[in-house]
Every structure is written in C-alpha cells, then in structure tokens.
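Results of the structural survey
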Amino acid sequence: MTPDAQPGTSDAAEARQAVHDLQRYFSDEIAPMMAMDAVETLLEYPASLAATSVQGWVAGQYRGAAAGASVSDCIYHALKKIHLMAELELVDAARIERFLADLGPACLEFCPEAERSGLAESLDRLGEAADAATTAPVEMLHRRAARPGADGAAAQTGPAGGERGVERFGPLLERLLRELPAGSGGVGADPGLLGQAVSSAALSATNGPELERYLARLKDAGVDPAMAEVFRSLGSNLPGWALLADGADGVSKVENRSIRAMHRIVSMAPDPSEGASRLGEMIATAVEQLNDGRLAQAVSMIALAERIVAERSLPGEIVEQVRSREQDRLSADALRTHAENPAKHPLLRTVLEFFPEYRPAALLDALHDDGRGERRKLVLALLEAHGPAARAHVLERLTATVAGDLDDDDGWYRRNLLNLLRRLDRPGDEDVDLEVELVAGLLVPGTPMAVLKEAVAHLGQIRTERSAKALIEVLGAFESMALDGSDPGYGPEDVPVLLDRLCAALARVGTRSATRTIVNHAYRNEPALGSPLARLESLGATDLSGDRELVDSLVQTLRNLLPRKVLGFVPKKHFPQIEAVVQGLAGTPAPLVRTALGEIVERFGDERIGEVAARILAGFDAARTRPSEDAATPADAAQGLSGDLELFGLPNLLQTLSEPSMSGVLTLAERDGRVAATLRLAGGRVLACEVGALRGEAAFYQMFESPVPATFTFRREPPPEGTTDGIDILGSILEGLRRHDELQLVRAVARDGARYRATGKKPTVPGDETDRDLLRGAWSKAAVGTPPDVLEAEAAVDAYRVRRLYAHWIEEGALA
C-alpha cells in the first residue's frame, strides 16, 4: 500500500506526513513525543504502509552512518523504536503490540533470507530487550541480540548503556558544573538546571543500572544533590494543571517530562529500600507543593505516587510507612483553604484518598472522638470534599448510631453526621426513601434537641411525600407532647422552637399534604404550642394557587381577623396574626389573594400591615414582567461559564470548548484583573488568539508554554459567517503540552541572561523550523550576545521557538 492510498480514517496527505515523520524518528531527528502523532496515524492503516516506510528507511541507511549494520539490525532498530512508544507510555501498549504482530511478518519479507530466522526470533523478544537508549543517535542502532553463529554472523553489540551518548545530559552536566562554586558538592545548584540534568539522565536510561551510572556521573563530577532536592527541582517545573497518565483517553492525561522522570527515578531504584526512600522524598515534595498553595502540581505528583504503588514495585508495608510519615506534614491551614473552595474538591480528593488519616473512615473516627474540638470544622470540610464517597460512610455510621452500635450519649456525633449528610450531594441512584426512614428514626422524644433540629433540616431538603409524611408524624407527636404536658427533658423554649423548624421544613418540602398540615397547625389556638398562627409565614415562598380550597380558607381567615372601627378607633389586637397570614400568602399571586391584599392596603395603608401588603402586591407585579427560569436557553446558561483555570486545567477547558456547538469568546484574566489571553472559538477551532503582543498560533502555544495563575470566562456568541480557517483545538492541545514540556529543557540549556558568541561553526536548522526570517534574525542577534530571554520578549513567535534555536546552536557548537 502506498501513502497515496485511501485509508479509513486518515487522508493521503496525513499518511504521507506520518511516513515522513516516522522515518525521521527512526533516524533520531525528532524525539518520541514528536513522533507520537505519526505512529498513532499509522496504527489506523494496514501494517503494509509502515512496512514500506521501514523498507525505505533501511535502504537509506546504507548511504549513512549505519552502513556497517545488517539489514536485520536496521529492521530491528525500526521496530524497536515503534515498540518504544509503548515503553514510554506515549501510545497504548496493546495497540502497539497488535500492530507489531502484523508489521513484523511484513518486514521479514524484504529481509535477506540468511538473516530472516534470527530476526524473527529477536522480534518475538522485542519487549524484553533493555539495551537501547531512548534517545540514542542512529549510529547506535537498537541491535538484536544475535546468538553466536546465528544468520552466519557474530553477535553485534553496541557500547555499554552508561557509555552511550545522551543528547543533553552531557551539556547540562557541564553547565551545572560551571555554575557551581568549587567544592560546593552541588549545594546552591539552580533548581531548574539541576532538575533538567537529572530528568535527562532518567529519561535516557533504559534500566535501573543505567540510571545509576548516570547519577554516578553527577556524583563523580562533584554534584551530589540530595534526592529531596532532585524531586524539588523537578516539581518546580510542573505546570499549573494536573496531568495524569492513567485512566481514560483524553488530552488531559498526557504526562510531562518531569513526571516521567520522577517515575523512572523511583521505579528504577536499585533495591526496594532505596525505592521507598525515593518515593518518600517525592511525596514529601508533593506535600510541600500543597502547603505552598500549588494544589494542581501536588495532585500530579500524588497521582504518580498512587500509580507507582499500584504497580507493586515496592513492598506494601514500606509504602504504608511512607504514607503515614508524610501525612503528618500536611498543613491544616492549607487543607482548610483548599477545602473551603468547592471547586477545588475534585483535585483535593486525590490527595486525601492517598493518605490514610484523611480518608473518609479515618476522618469520621476523628469526628467521633473530637466532635466539638477546634479540629471539627476542618474534618467536616475535608469530608465534604470527599463527596459521594464520604456520603456512603456517613450513612453507614448514622445507621450504627440509630441501632445503638456507636456510643453517642450527648448527640454531637449524630448532629455532625446529619450536618454532613445535608451538605453532601446525593447520587442519583441512591434510595431516598431508605434515607428518609433512617433520619426519621432519630425524630423521637428524648433525642437530644441538637440532633432533632439537624434531622428536621435534613428532611426539609428532601421533597418527597415520604419526607412530608415523616415530618407530619413528628409534628403531631410533639404537638401531643406539648399539649399533654409531657416532660422529655427539654427546656421550656425547646419544643416551640422545634415546632417552628418543623413547619419551616414542611414548607420547603412543599407537597399538598405538607402545606395543609402547616395551615391546620396554625389554626390550633393553644398557648402550649407557642404561636401557631405565626408559623404561616413559613409558606411565604410557596405558591399555593394549585390548592384553591386552602387559599380560600386562608383568605377567609384573613378577613375574619381584620378589625372594624369602634368609635372611630381601629383595634390592633390582631395585627400580628393578620401580618402572619399576609406573609404566608406572599408567594401566592392568585386573584382572590390580590383582592384581599388590595383591601388591606386601602383600609390600613398607614399601618405596618398595609405596608407589608403593598410590598407583596408590588412583588407580584414585578414577577409578572420578569422572564421565568424555564424560558432560559442553553446559550443563556453558557453566558456565565467561568472559574479558576488551575482547578479546571487549561487542556481540560479547551477540550470542553472544542465541541462544534461551542462558539464565543474565552478570556483569561490574571489575579490582579489584567487580561492574559483572549480567544475567539467556533466549530472546534480557534479563529483568533491574543496573548500580549502575540497573535494567532504563536499566542495559542504561548498560553501553554508560560502558564499564569488565572481565572476564565466564556461568553457565547454566534460564529462568524463563512469562517472555517483557524487552529484545530484538539490537535493543537497536544502540541502545546509538548512545547511546554520541551521549553523547560531548552531553557536549562539556553539560560536567561546568558550571552553567547558565534564559534565559527556553521549553524544548522533545528527540527521542522521553516521560518527563514526568524532563523536569520535570531542568529544575527544570538551571535552578538543577545540573551535568549531578551530575544524571546522581542520576537513575534512563542517562547519555545526562540529558545529552541538557542539550545540547538549551543548543543551543536555554533554558539559558545
């Protein structure tokens, strides 16, 4: 199959570009992450297309540096490079394995017959080989481990892993040494430079011993930083959004360079004890990040720790010791700050689930032991952050208290549990009736009043007939108790206050049986019940128009209470009761109610009851001209889309706005209110983008390369007519993440404020840079000592493109 053939999911132009990029990847002209899209594209084609690409590349090697290699070595190298995508977790491993199962036989067809059997045997063990550097130049082929005499050739091996060239480790190490005072032992090393040197070593190593050799080179050169400093420097390069590698597909699941390096440093430790020590230092760094307010960065590291633990590379007992030790270093103030912001709960949950002391069961134990202490509010806030997971535990504990299986004589634990249950969102599939039955079981005389109040408030939030029935039964029980003079041990004001709360809860439930119960209770003129008629005010937010009989009854009661003049005077004895009935009708704009309120305004306009009635009538009129909530459209709802960029994550936000139906303007604002970026979006594309002086694609990538703490707002607007040009959002997010990742490294090579000079060696063009004007302008300034950060600020392109030029010229020796 040729690149011009028509595939099922990619067009011919994409196929040709993918074949070209794959061959550049085989020759190490581009990094694995830059070749990821090409491999993903070719996975959608028959393996014969990739085989054609391999065959063309192998033929080209005999004109290059690998001319001394056999055809089988070159084929093995190419297929090993494809398999590397799975090893580096850039492409799904299962898809790679299936693809190679077809690609291997296709490549065997053009392998010389004498070498074929040995190559087939090596390909069967492809995933087992661990002798290839991930960034080895093509001169160091991933050679198959041939048996002596196999294919009529001797075994071919490259230099030992620790001796292979590492693309940037050497230059970074040299720069690190130059910037350190003599004999410092690494103390005072720039965190960014140290982190990139170590990450380069970690990402270049293919196994544990090789990583140890790279780290030994640091020590031998006089740089022996503590592992805590290594993780601290790597953590400083994490972006302001959580990037996780495990879980569902999506751009937000792409790891960055620092996370991959941390993973290798821990998982490639020489023994379990050292691995646990490194894991502990990494978690300690995550705790530092959280305590400093960098929640997203902490979450990225904690999620990685969770994945390392799941891989079972370390003994479970040691891991639990690490968790227990590091959880004591979490700042209560930092946890409180994060927990008080509901938008941060999804991120915070990852941290809380990692540490045993902050999981729901342990927090509920703490609440039981110290339900009144200063720590109570923090524990409640952290449990609320857990969301549905905590709710299940709360229901379980509440059931135990009702059954008497948990001690709670003073009721504070039940009160706290009910308070939590009311604040935690209920999953849609949860059995509401069982919950009502459980809470209603607490509403019996003798239960501490604090528990009764919380239980009543909770039932008032559940708007079902079952909840109304439970509240009605309790209201009747406490009415009877008050009228009988029973003494359940409450104070003289407790029962009337509870009756107030019961009526308010019934009003919130709002069923017909609930509202009628309130009215019937109000008509009971019994001093022992307190002021029953005043409890009609709880109906003020309820529209009773659907119950004509009830409205008639209330209006008639109102008329019966209205006084008549006696000898020119108006008796005001019943004015408090009249006001209570008027307030109870405040949510019912029925004609009968309007007429009655109008009469009160006319007769008693100078009195308080007249003023209240006039205010209610004015509210009826205003509501009639106000648009209803039901008339709101999805577009209206989208007008208010806003939030904290750190919490949502720039990749996640843009992915959400990439839906074809989303059209409008996205604005990012810094904490001080200054606009950081403006994007016009439509049809899954960015039609315009502005970041400072940058425009278009450069501005889009700059958002990823130099992220700032910001808030965002999205305002829906109709898409411009006839506009199809622009930046594809989904396709460009991955490139933006890659540039952010790479920029951290090239900035460590080409330092801020550093001045360079031309060495006389002719500069070459890095990667896929094609802008000749940029190349000429950048070289002319770099060669005469313009620092990279100065040119970065002046250029009309994103920071990565400028800094990459400097780094490339430094590494090849054109700049010194």
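Note that the coordinates shown come from a computational prediction; the quantities given were computed from them, not determined experimentally.

**Topic: the overall build of the protein chain**
Broken down by element type, the protein chain carries 37 helices and seven strands. Residues counted as buried form 50% of the 816 residues belonging to the protein chain. The long-range share in the protein chain, meaning contacts at least 24 apart out of those at least 6 apart in sequence, stands at 73%.

**Some points on helix 23 (residues 465-484)**
Helix length check: helix 23 (20 residues) gives 28 Å between terminal C-alpha atoms against 28 Å at 1.5 Å per residue, within 8%. Listing the buried residues of helix 23 in full gives Ser467, Ala468, Ala470, Leu471, Val474, Leu475, Phe478, Glu479, Met481 and Ala482. At its buried positions, helix 23 is contacted by helix 21 (432-440), helix 22 (449-460), helix 24 (494-509) and helix 25 (512-522). Looking at the residues trailing helix 23, positive phi occurs at Gly485, about 80 degrees.

**Quick notes on the confidence of the model for the protein chain**
Caution applies to low-pLDDT regions: their predicted coordinates should not be interpreted in detail. For the protein chain, the average pLDDT comes to 81, and 83% of its residues sit at 70 or higher. Considering each helix and strand of the protein chain separately, the mean pLDDT is smallest for helix 30 (residues 634-638), with a value of 41, and largest for helix 25, with 94. Every residue in residues 63-67 scores below 50 in pLDDT, and together they form five contacts with partners more than four places removed in sequence or on other chains. Taken as a whole, residues 629-638 scores under 50 in pLDDT and shows five contacts with residues more than four places along the chain or in a different chain.

**Describing the pattern of salt bridges**
Summed over the entire model, instances satisfying the criterion amount to 46 salt bridges. Between Arg95 and Glu44 there is a salt bridge whose closest N-O contact spans 2.9 Å. Separated by 51 residues along the polypeptide, Arg95 in helix 5 (residues 93-108) and Glu44 in the loop between helix 2 (32-42) and helix 3 (47-61) bring together distant segments of the chain. A residue is classified by how much of its surface remains accessible, and Arg95, at 24% relative accessible area, is partly exposed.

**Quick word on helix 21**
Within helix 21, burial applies to Glu435, Val436, Leu438, Val439 and Ala440. Next to the buried residues of helix 21 lie helix 19 (388-402), helix 20 (412-423), helix 22 and helix 23. Its side-chain oxygen 3.1 Å from the backbone nitrogen of Asp433, Asp431 forms the N-cap of helix 21.

**Focus on the packing of helix 10 (residues 227-235) against helix 11 (residues 257-267)**
Relative to each other, helix 10 and helix 11 sit at 160 degrees, their axes nearing to 9 Å. Looking at the two axes, helix 10 sits roughly antiparallel to helix 11. As for how helix 10 packs across helix 11, the hand of that crossing is left-handed. Note on element contacts: helix 11 touches helix 10 through Ser258, Ala261, Met262, Ile265 and Val266, opposite Met227, Val230, Phe231, Leu234 and Gly235. Residues that form the contact of helix 10 with helix 11 fall into these classes: eight nonpolar, two polar and no charged.

**With respect to the pairing of strand 4 (residues 685-691)**
Residues in a regular strand project their side chains so that they alternate between the two faces of the sheet. Pairing of strand 3 (residues 675-682) with strand 4 involves five bridges; the strand directions are antiparallel. From the neighbouring strand, Leu681 faces strand 4, where its bridge partner is Val686. Turn length for the strand 3-strand 4 hairpin, with the two strands adjacent in sequence and antiparallel, is two residues, and the turn residue Gly683 shows positive phi of about 60 degrees. When strand 4 meets strand 7 (residues 727-728), the two strands line up antiparallel, connected through two bridges. Paired with Val686 across the bridge in strand 7 is Ile727.

**Quick word on the packing of helix 25 against helix 26 (residues 548-561)**
The contact between helix 25 and helix 26 brings their axes to 11 Å, and the two run at 20 degrees. When the axes of helix 25 and helix 26 are compared, the pair comes out roughly parallel. In this structure, the crossing between helix 25 and helix 26 has a hand that is left-handed. On helix 26, the residues that touch Thr515, Arg516 and Val519 of helix 25 are Glu549, Leu550 and Leu554. Looking at the contact of helix 25 with helix 26, its residues break down into three nonpolar, one polar and two charged.

**Concerning the side chain of Ser467**
Topologically, Ser467 is positioned in helix 23. Those residues in contact with Ser467 that lie beyond four places of it in its chain are Val436, Leu459, Ile462 and Val509.

**Examining the packing of aromatic side chains**
Describing an aromatic ring pair means giving the distance of the ring centres and the angle of the ring planes. Going through the model one piece at a time under the given rule, you end up with nine aromatic pairs. Measuring from ring centre to ring centre gives 5.4 Å for Phe26 and Trp57, while their planes differ by 65 degrees; the resulting arrangement is edge-to-face. One end of the pair, Phe26, is in helix 1 (residues 12-26); the other, Trp57, is in helix 3, with 31 residues separating them in the sequence. Here the two residues Phe26 and Trp57 agree in accessibility, since each one is buried. Ring plane angle 75 degrees and centroid distance 5.7 Å describe the contact between Phe700 and Tyr701, whose orientation is recorded as edge-to-face. By relative accessible area, Phe700 is classed as buried at 0%. An aromatic cluster of three or more residues is present, and its members are Tyr25, Phe26 and Trp57. The ring of Phe354 has Arg323 lying over it, and the distance from NZ or CZ to the ring centre is 4.3 Å.

**A word on the environment of Glu274**
Topologically, Glu274 is positioned in helix 12 (residues 272-291). Along the sequence, Glu274 and Leu314 sit 40 residues apart, while their C-alpha atoms lie 9.7 Å from each other.

**Some words on the state of the cysteines**
Scanning the entire structure with this criterion turns up zero disulfides. Considering cysteine sulfurs only, Cys111 is the nearest to Cys107, which forms no disulfide, with 9.3 Å between them. Exposure remark for Cys107: the relative accessible area of 0% places this residue in the buried category. Residue classification places Cys111 among the buried positions, given a relative accessible area of 2%.

**Quick word on the environment of Val474**
With respect to the helices, strands and loops of the structure, Val474 is situated in helix 23. Under the relative-accessibility criterion, Val474 is labelled buried at 5%. Distance in space between the C-alpha atoms of Val474 and Pro445 is 9.1 Å, their sequence separation being 29 residues. Beyond its immediate chain neighbours, meaning those up to four positions away, Val474 contacts Leu443 and Leu502.

**Description of the pairing of strand 3**
Across seven bridges, strand 2 (residues 663-670) lies against strand 3 in antiparallel orientation. Considered in strand 3, the bridge of Leu668 is made with Ala677. The hairpin turn running from strand 2 into strand 3, its antiparallel successor, is four residues long, and Gly673 in that turn takes a positive phi close to 95 degrees.

Thresholds applied
- Every chain's residues receive numbers from 1 upward, in the order its sequence appears when written.
- Reporting of local features is limited, given that this is a predicted model, to residues whose pLDDT is at least 70; pairs of side-chain atoms are given and counted only at 80 or more, and all residues count toward the totals for whole chains, interfaces and linings.
- As a rule here, side-chain values come from all non-hydrogen atoms in the structure, and water together with hydrogens is ignored.
- Each helix is a run of DSSP H or I of at least 4 residues and each strand a run of E of at least 2, with the numbering of both proceeding from the N terminus.
- Think of it in three bands: residues with accessible area under 20% of the maximum for their type are buried, residues over 50% are exposed, and the middle band is partly exposed, with areas taken using a 1.4 Å probe on protein chains only.
- Contact criterion: two residues are considered in contact whenever any of their non-hydrogen atoms come within 4.5 Å of each other.
- To estimate the expected span of a helix, count its residues, drop one, and scale the result by 1.5 Å.
- A residue's pLDDT is simply how confident the predictor is in it, with values from 0 to 100.
- The salt bridge definition used is simple: a Lys or Arg side-chain nitrogen within 4 Å of an Asp or Glu carboxyl oxygen.
- As used in this structure description, the phrase polar contact means that two N or O atoms lie within 3.5 Å; if the pair is within protein, one of them must be able to donate a hydrogen and the other to accept it, and residues adjacent in sequence are counted only when both atoms belong to side chains.
- Axes here refer to lines fitted to C-alpha atoms; in helices the fit is confined to the stretch in contact. Angles between the N-to-C directions go from 0 to 180 degrees.
- Roughly parallel covers angles under 35 degrees, roughly antiparallel covers those over 145, roughly perpendicular covers 65 to 115, and oblique covers all other angles.
- In this scheme the handedness of a crossing depends on how the near helix is turned from the far one: anticlockwise by less than a right angle means left-handed, clockwise means right-handed.
- The residue classification treats Ala, Val, Leu, Ile, Met, Phe, Trp, Tyr, Cys and Pro as nonpolar and Asp, Glu, Lys and Arg as charged. All others, Gly included, are polar.
- Here the rule is simple: two strands pair whenever DSSP picks up at least two bridges between them.
- Classification of ring pairs uses Phe, Tyr and Trp, with its six-membered ring standing for Trp, and accepts pairs whose centres are within 6.5 Å; under 30 degrees between planes counts as stacked, over 60 as edge-to-face, and the remaining range as tilted.
- Should the NZ of a Lys or the CZ of an Arg lie within 6 Å of a ring centre and within 35 degrees of the ring normal, that charge is described as sitting over the ring.
- Cysteine sulfur atoms that come within 2.5 Å of each other are treated as a disulfide pair.

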